[in-house]
Amino acid sequence: MKIAGNCVVTFHYRLSDADGKALEDSFDGDPMAYLHGHGGIIPGLEREMKGREAGATFNATIPPAMAYGERREDAVQRIQKKAVMTKGRVKPGMVISVSTDHGPRQVVVVKAGKFVLDVDTNHPLAGQTLTFDVEVVEVREATPEERAHRHVHGPGGHHH
Ligand code: ZN
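What counts and how
- Residues numbered from 1 in each chain as written.
- Predicted model: local features only at pLDDT ≥ 70, side-chain atom pairs only at ≥ 80, totals over all residues.
- Heavy atoms only, no water.
- Helix = DSSP H or I, 4+ residues; strand = E, 2+ residues; numbered from the N terminus.
- Buried < 20%, exposed > 50% of the residue type's maximum accessible area, 1.4 Å probe, protein only.
- Contact = heavy atoms within 4.5 Å.
- Areas by Shrake-Rupley, 256 points an atom, 1.4 Å probe, with all protein chains shown as cover.
- Lys, Arg positive; Asp, Glu negative; His and termini not counted.
- Charge placed at Lys NZ, Arg CZ, Asp CG, Glu CD.
- Donors = N, O, S within 2.8 Å, 3.2 Å for Na, K, Ca; no water.
- Tetrahedral: all angles 85-135°; square planar, octahedral: opposite > 155°, others 65-115°.
- Pairing = 2+ DSSP bridges.
- Axes fitted to C-alpha atoms, helices over the stretch in contact; angles between N-to-C directions.

### Digging into the overall build of the chain
And then number 1: Check the secondary structure of the chain and you find 2 helices and 9 strands.
And then number 2: Helices and strands appear in the chain in the N-to-C order β-β-β-α-β-β-β-β-β-β-α.
And then number 3: Expressed as a percentage of the 160 residues in the chain, the buried residues total 35%.
And then number 4: Put simply, of all contacts in the chain between residues at least 6 apart along the chain, 61% involve residues at least 24 apart.
And then number 5: Accessible area of the chain: about 9,600 Å², with a carbon and sulfur share of 50%.
And then number 6: Within the chain, the 21 negative side-chain charges are centred at a point lying 9 Å from the centre of the 20 positive side-chain charges.

The structure is reproduced here in structure tokens:
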């Protein structure tokens, strides 16, 4: 079947930045799964997926506006250290998880003090043009429960 709204798509991907440096690679591990049409993956990649079938391989270069957005220069914020969810010592340049009113979020540490941190709340991949090498592994109809939750259950998705 072809990828369209409310399909569950399982795929492998290799992600590289504009210089060709590899950032993520799922081919050595488990594929990723998402529910098509609900913003579960970046907009540029979701658009490229549409209409493809299991077994398809393709390569897509996606500009920041269709990936993780442009970098905002006003995105550095001071936060309490107790909001940090990542274990261990926090150092400048590290990507850490922090809890916010909108759930956990990844930020980059700019400066680390004793009780507060300055963090850059831009997504670590904001402002980057990204290249994906993709292999579509499986395309199936979403279950009624998956449609209601707007995400995938089982392998590559949520377990609850
Ligand atoms: Zn669910």
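### Some remarks on the coordination of the zinc ion
And then number 1: Around the zinc ion, the protein supplies His149 (ND1), His151 (NE2), His153 (NE2) and His160 (NE2) as donor atoms, at distances of 1.9 to 2.2 Å.
And then number 2: Taken together, the 4 donor atoms surrounding the zinc ion define angles of 101 to 121° at the centre, an arrangement classified as tetrahedral.

### A closer look at the sheet that holds strand β7 (residues 103–112)
And then number 1: As summarised here, the arrangement of the 4 strands in space is β5-β8-β7-β6, forming an open sheet in which the pairing is antiparallel. Two strands lie at the open edges of the sheet, namely β5 (76–80) and β6 (95–100), each paired on one side alone. Averaged over all pairs of adjacent strands, the angle between strand axes in this sheet comes to 55°, irrespective of strand direction.
And then number 2: Pairing geometry for β7 and strand β8 (residues 116–120), over 4 bridges, is antiparallel. Note that in β8 the partner of valine 108 across the bridge is aspartate 120.

This is a description of form; function is not addressed.
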